[in-house]
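Geometric and topological summary
So the chains spell out like this:
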Amino acid sequence: MGTWLSLIGPFIVWVAHFSGVYLAAEFAVETLNIVTPILTILGLCANAYLIYRARAENLWTIKIVRGGAFVSSIAIIWQALPVYV
Amino acid sequence: MFWPVVLDPAGPNASEIATLSWLLIAVVTVVFIAVCVALATAVFGSHRWKRFLSHNGTILTAGFAAPVVVLTALLLYSLVITKSLSLGSEPEYLRVRVTGEMWWWRVDYLDSAGHQTIGDANELNIPVGKSITLELESADVIHSFWVPQLSGKKEMIPGRRNILHFSADKAGTYAGQCAEFCGGPHALMGLTVIAHQPEDFEAWRTRRRADPPPPKDDLAKRGATLFLNSGCAACHVVRGTSANGEAGPDLTFVGARKRLAAGILPNNRGTLAGWVADSQAIKPGNRMPSYPMISAGDLQAIAAYLEQLR
Amino acid sequence: MTEGDSSSADFYGRFPSKRAGSKADFAKLEKIWCAPTGWQYLTAVSNNYIGFYYLSTAFVFFLLAGILALLMRVQLAAPAQTFLSPAAYNQMFTMHGTVMMFLFAVPAVEAVGVLLLPQMLGARDLPFPRLSAYAFWIYLLGGLSFFASIFVGLAPDGGWFMYPPLTGRIYSPGISADFWLLGIGFIEISAIAGAIEFIVGIMRTRAPGMSLDKMPILAWALLVMSVMIIIGFPSVILATLLLELERAFNWPFFDATRGGDPLLWQHLFWFFGHPEVYIIFLPGAAMLTMVICTVARSDVVGYPLVVLSMLATGFISFGVWAHHMFATGIPDVSVGVFSAASTAVTIPAGTMVFCWIATLAAGKPQLNAPGLFSIGSVIVFVTGGLTGVMVAFVPFDWQAHDSYFIVAHLHYVLLGGMLFPLFAAFYYWAPAVSKHPLSDRVGKWVFWLMFIGTHVTFFPMHLAGLMGMPRRVYTYLPSQRLETLNFISTCGSFILAAGVALFIADVIRNFRFTPGDGNAGNVYGGGTLEWLPSGLYSTRSIPLVVSRQPLWYDRNISRDVEQGRYFLPRSATGLRETIMTSPVLAEPQQLLVLPGPSVWPITAGVFTSGFFLLLTVQATTAAVTSGVLAILSIVIWLWDTDRPISTKSVDIGEGLYVPTHAFGRMNHGIWATIALLVVFGMIFLMALFSLLFLWTNQPKFWIDPPSFSESTFAFVSGFLALALSSSLRAILRRTKNVPLTVCMLTIACALVIYAQYADLTTWREAGLAPWASGQGAIVYAIMAHQASLIALCVIVTLYAAGRSVAGLVTRPTSVLLDICVLIFAYTAAQGLAGGAVTRLLGAIV
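Bear in mind the structure is a predicted one, so any value in this text is a computation, not a measurement.

1. Structural notes on the overall build of chain A
- Assigned secondary structure in chain A consists of three helices and zero strands.
- Here the C-alpha coordinates of chain A stretch approximately 45 × 25 × 15 Å along the principal axes.
- Within chain A, buried positions represent 46% of all 85 residues.
- Looking at chain A alone, contacts between residues at least 24 apart form 68% of all its contacts between residues at least 6 apart.

Structure follows, in structure tokens:
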């Protein structure tokens, strides 16, 4: 199961970030300015940690985790933008 | 003849979107051509080019890095205009409540307290260069207000009041249509927006606040009586008369409208008579029954009456 | 054997074995997997048959929905035509969308999976063959009766998206909307059944050695798709149930005048509806990838990138649903968030496109029929994808939304992302199921007709949309100047149809489905396991996989497999069986005994369909009878599975012994139960979302919920049930005492029932009725969902009791009790969570 969690880890991070920002935007707009930066920083750190954690896996898994963390981080940054624009 | 209305804006909202549209069209055209060229090279190209295309680096550059850069720029640009479009910039000049009803539009011009000053239907008159605020509501199912030359669409949802800010920068007549499927003759739920020069608009507004003049000729007078006695008044308002039904469109100035039956027919005595006699054939399923029992002569009288309500 | 254990790797060196399998073993294998005759075709459960039935049915629905499309195109060929009345047109576009999405696209990709997946993974069948059969029969019967509604003019006419209030009982009286809600709602059962089957099959029945990085791309796609189905489909099931409750019992979920909200439907529908598009697209993209590999004679370039793209798409597609709602006036920031996610989801698709191009460039692509179809798919898909990027940007979407621009966009995406790949797959894989391949020459004609037809039909629609033509219109006026574009589109649709007609002619001439009598074989020279010589038993022996294209890597593999030099060259137990392997490295763990043909899946299918259809026509008594018979059929079908087996472990080749049973978390039944509970859990989660949504949007209709102190009994008995079922898990690990466990299950059952009763009572005392307000409706709906789980608890308790009395529950090999305990623990936990959340929202002001 550990391998599986590594593989999808970055996307779980994305889900958490998305849900947080969406729920705040939809149901508690006033908290958005606090929630978004916290979640965004947490999400990016989590992705960095996942890359670090996966270093012991085989090369193939490392590739997927790195790529996933990259895509997840871009999506996280993008979905934080509307709060600031 | 094929010039798309979305790309022929007549107001600042639609122009901003048209600019974005052109940008997007340009970007996707370039990308499409690039992909097709790459595909053709992959199949028919020289060995060297094929080797280049089959590199992991090429995939990552063309399929990942490049889109990320382009899309980040486009996303930022689009978020900025999204915000400015939904806020509306200038002070509000005119506020109108447009209510979507099964297959026509109720148009109420509001005063500052939110009370109706002028009731109308299927036609929205606005001054050029002034900021307009629409309160979009629905009386039954979901409809969507769309006048492509002036603004993007906004839905009318039961239980909600959606606000749309826009303005026109050229005088003219702009067609609109319901964009959310609303059952039955959804296809025939049109709307006309007329943008006047500000002074013309004020003149129009003054005219409309008064009651329409009483019928002058005999035919129209007979038509007025028939209108009140044949059941029309149960559903329609004609200010200054006893006709006060609220179910259907306000007919106080029906003769002045450009089009009939929610944007689908030209407005003249013939089409008015035809509509009353057999609206169900023209717009199947609409809420107004056909009146085949009214004789041709009476029909002409009613049409004459309606036509002079202007 | 546990994951990563080196002992299996030592064994791998012994394959292919020196000794070939015996003729007698082979004869026995053939006899166990023998072809059905006569009526047995109805009771067949093997994937070779069910997969074929499934795919043929899906194709028939494709043709039917296609004919509807042609009729609509005729109506739109000129302005103000009266070929179709508005009523007929509205039914037709509703049916076209619904049938294409629910009865063609999803079933078709699932059917391809059922037909090809086991062979591709080197398994003898899917892990739950009877479940596949059941899924197929409800799909066939439900689908046909649903479609028949159009012949009697009773077809639903509110669009495939079924937005209330238009589809509520005021604006859609009569039963046509109920046909949609009940008909489509239950056909989803079959999609979910298939998904559970795929998850377990792909994770656990791969050929030894087929670790994650050697899995065929289609297996990856079907895995991601299946997880998406069990996450996404519950939302539409909930939505249809709520709308049906509103229509039948006047519970105002979507009625804004009574504390409901029409927008709630849109959230629930699109939370399913957008992932649905990717559910269809991912298997399509995977078929494309596999076909491209073969026609280019190259392994996938950037295999990890393709897998990564599929994972990314699977996740991010759940964050884009509200881009169908940009014009509804939802808050600005959320619009932006959805726009960002919609932009992000295009990136993996772009990466995949360049992987395809790279794979083509790495080899020497042949321009045969599958090759043309796959290159054509890429072009069509890229066109649709790019317009998709355009509509991800909110201001552009405000213009394009609900216009013909979107009609063009979605058809490009679905045709390029699923239909063209499917036709590529038809030509590519036909030799695997038919005695003759399809004609490559005809195939090229089919391709060009379809490719040209697609562009001629759909390209002008972009322009029509930008010219102001809204969607779902039965006509347009001469003054709109749309006639030329529409006429071109209509011509194009007939070119496209001609391509499909030619394909049918090719199928009639060349396609011969004779699975018992061999197939045309590896005509295109594919490298994956489904191209091994095979019969109804799949392959003579199950190969050891050491590369992604085993047939290219080892030229002798086909011969060795056929001579039985690999795993399981016989039936070890005399029954149908396959090897279960570990989820990551695919090391052999267990011999899985598979159930054989049975009449009960089809009976269960008939009665399940009967239940829902009779409910639609309001024949309640008959419906309930049918429902009871359906449950009985399922119980009988399950009764003769999971039997005690005398042989505890068997040799699967070269002295590698594996057990015939697995315990606890290793067991495939536990895996399937967990997947099923995820479905229930998602329904529950979406119901909680609905509660939150109505509470924030319609607070003035909210009454004070009963306090926690008033509800002590409900919570205490709920906690007791949870504690009991959790401790039972620990107890089961030690005791073999079956009657004791069953007794404790009965007590747990009583506790959850009491908890529910107490919960209901406090709400009634608080004065809340389900028809009173949105709050009442959703609170009672959450309780109803809990009640349905409790009903499941009662049924499994009775079943467990029955089996233990019959002496069929033998600890520790049977996992029936573990499954019961899992269901109980979940039910108790859900009851507590539901009770708490419904009380908390509203208590906070």
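Text resumes after the structure shown.
2. Comments concerning the overall build of chain C
- Scanning chain C for helices and strands turns up 26 helices and four strands.
- Computed over C-alpha atoms, the radius of gyration of chain C comes to 27 Å, within 12% of the 28 Å expected from 2.2 N^0.38 for 845 residues, which places it in the range of a compact globule.
- Seen through its C-alpha atoms, chain C measures out along the principal axes to roughly 75 × 70 × 50 Å.
- Going through the 845 residues of chain C one by one, you find that 64% of them count as buried.

3. Concerning the nonpolar core
- Counting residues in each nonpolar core, the largest one holds 394 residues, and the members touching the most others are Ala 221 and Ile 357 of chain C.
- In this structure Ile 357 of chain C touches Ala 38, Leu 39, Ala 42 and Leu 53 of chain B, once residues within four positions along its chain are discounted.
- With 33 residues, the next largest nonpolar core counts Val 738, Met 744, Ala 755 and Cys 820 of chain C among its residues.

4. Observations concerning the interface of chain B and chain C
- If you look at the interface, chain B gives 70 residues, while chain C gives 67 residues.
- Those elements that provide at least two residues to the side of chain B that touches chain C are helix H1 (12-44), helix H2 (47-53), helix H3 (56-87), strand E7 (154-156) and strand E9 (172-177) of chain B.
- In terms of residue count, H3 of chain B provides more of the side of chain B that touches chain C than any other element does, 18 residues in total.
- When grouped by side-chain class, the residues that make up the side of chain B that touches chain C number 44 nonpolar, 17 polar and nine charged.

5. A short note on the sheet that holds strand E4 (residues 123-127) of chain B
All names here are of chain B.
- On the basis of which strands lie adjacent, the open sheet formed by three strands has the order E4-E10-E9 and mixed pairing. Looking along the sheet, the strands with just one partner apiece sit at the ends: E4 and E9. If you compare each strand with its neighbour and ignore which way they point, the axes differ by 20° on average.
- Bridge analysis of E9 against strand E10 (residues 190-196) gives six bridges, and the strand direction is antiparallel. Residue pairing across strands places Gly 176 opposite Leu 191, the latter belonging to E10.

6. Description of the interface of chain B and chain A
- In this assembly, six residues from chain B lie in contact with five residues from chain A.
- Taken together, the residues that form the side of chain B that touches chain A break down as five nonpolar, no polar and one charged.

7. Focus on the pairing of strand E1 (residues 577-581) of chain C
Residues and elements named next belong to chain C.
- Within E1, five of the five residues are buried, leaving the element largely enclosed by the surrounding structure.
- Across five bridges, E1 lies against strand E2 (residues 588-593) in antiparallel orientation. The residue of E2 that forms the bridge with Ile 579 is Leu 591.
- The hairpin formed by E1 and E2 contains six residues between the paired strands, and Ala 586 there has a positive phi angle of roughly 55°.

8. Quick look at the sheet that holds strand E3 (residues 116-121) of chain B
Residues and elements named next belong to chain B.
- In spatial order, the strands read E3-E2-E1-E5-E8; together these five strands make up an open sheet with mixed pairing. Two strands lie at the open edges of the sheet, namely E3 and strand E8 (162-166), each paired on one side alone. In this sheet, neighbouring strand axes are inclined to one another by 25° on average, regardless of whether the strands run parallel or antiparallel.
- Summarising the sheet, strand E5 (residues 131-138) and E8 pair through five bridges and their orientation is antiparallel. Bridge pairing in E8 links Ile 132 to Phe 166.

9. Examining the packing of helix H15 (residues 404-433) of chain C against helix H16 (residues 440-466) of chain C
All names here are of chain C.
- At their nearest, the axes of H15 and H16 sit 8 Å apart, and the two run at 170° to each other. Here H16 runs roughly antiparallel to H15, going by the angle between their axes. Seen along the crossing, H15 lies across H16 with a hand that is left-handed. From H15, Tyr 404, Phe 405, Ile 406, Val 407, Ala 408, His 411, Tyr 412, Leu 415 and Tyr 427 reach across to H16, where they touch Gly 443, Thr 454, Phe 458, Phe 459, Met 461, His 462, Ala 464, Gly 465 and Leu 466.

10. Structural notes on H1 of chain B
- For H1 of chain B, with 33 residues, the first-to-last C-alpha span of 48 Å sits near the 48 Å given by 1.5 Å per residue.
- Along H1 of chain B, the residues that are buried comprise Pro 12, Asn 13, Ala 14, Ile 17, Ala 18, Leu 20, Ser 21, Leu 24, Val 35, Ala 38, Leu 39 and Ala 42 of chain B.

11. Points about the packing of helix H7 (residues 176-204) of chain C against helix H22 (residues 668-697) of chain C
Residue and element names in this part refer to chain C.
- H22 packs onto H7 with a crossing angle of 140° between their chain directions and a minimal axis gap of 10 Å. Accordingly, the angle class assigned to the pair H7 and H22 is oblique. The hand of the H7/H22 crossing is right-handed. Seen from H7, the contacting residues are Ile 192, Ile 196, Ile 199, Val 200 and Arg 204; seen from H22, they are His 668, Trp 671, Ala 672, Ala 675, Leu 676 and Val 679.
- Residues of the contact of H7 with H22, tallied by class, amount to nine nonpolar, one polar and one charged.

12. Details of the confidence of the model for chain A
- For chain A, mean pLDDT is 93; residues scoring 70 or higher make up 99% of the total.
- When pLDDT is averaged over each element of chain A, helix H2 (residues 32-53) of chain A comes out on top at 95 and helix H1 (residues 2-27) of chain A at the bottom at 93.

13. Comments concerning the pairing of E3 of chain B
All names here are of chain B.
- Looking at chain direction, strand E2 (residues 104-110) and E3 are connected through five bridges and run antiparallel. The residue bridging Arg 106 from the neighbouring strand is Ala 121, located in E3.
- Taking the residues that link successive antiparallel strands as the turn, the E2-E3 hairpin has five residues, and the phi of Gly 114 there is positive, at about 90°.

14. Description of the environment of Phe 11 of chain C
Residue and element names in this part refer to chain C.
- Mapped onto the secondary structure, Phe 11 falls in helix H1 (residues 6-12).
- Measuring from C-alpha to C-alpha, the distance between Phe 11 and Glu 654 comes to 7.8 Å, with 643 residues separating the pair along the chain.
- Not counting residues up to four positions away in its chain, the partners in contact with Phe 11 are Glu 654 and Leu 656.

15. Comments concerning the environment of Met 287 of chain C
Residues and elements named next belong to chain C.
- Along the chain, Met 287 falls in helix H9 (residues 262-296).
- For Met 287, a count of 30 C-beta atoms within 10 Å puts it in the buried group.
- Met 287 has contacts with Val 112, Leu 218, Pro 421, Leu 422, Ala 424 and Ala 425, leaving out every residue within four places of it along the chain.

16. A look at the environment of Trp 105 of chain B
Residues and elements named next belong to chain B.
- Mapped onto the secondary structure, Trp 105 falls in strand E2.
- What makes Trp 105 buried here is the crowd of 26 C-beta atoms within 10 Å.
- Trp 105 sits ten residues away from Arg 95 along the chain, and the two C-alpha atoms are 16 Å apart.
- If we ignore the near neighbours within four places in the chain, the residues touching Trp 105 are Val 98, Gly 100, Ala 121, Asn 122, Leu 191 and Ala 262.

What counts as what
- Residues numbered from 1 in each chain as written.
- Chains lettered and ligands numbered in written order.
- Predicted model: local features only at pLDDT ≥ 70, side-chain atom pairs only at ≥ 80, totals over all residues.
- Helix = DSSP H or I, 4+ residues; strand = E, 2+ residues; numbered from the N terminus.
- Buried ≥ 20, exposed ≤ 12 C-beta atoms within 10 Å, placed from the backbone.
- Contact = placed C-beta atoms within 7 Å.
- Rg over C-alpha atoms; globule rule 2.2 N^0.38 Å.
- Core = buried A, V, L, I, M, F, W, Y, C linked by C-beta atoms within 7 Å.
- Nonpolar A, V, L, I, M, F, W, Y, C, P; charged D, E, K, R; others polar.
- Pairing = 2+ DSSP bridges.
- Axes fitted to C-alpha atoms, helices over the stretch in contact; angles between N-to-C directions.
- Parallel < 35°, antiparallel > 145°, perpendicular 65-115°, else oblique.
- Left-handed = near helix turned anticlockwise from the far one by under 90°.
- Expected span 1.5 Å × (residues − 1).
- pLDDT = per-residue confidence, 0-100.

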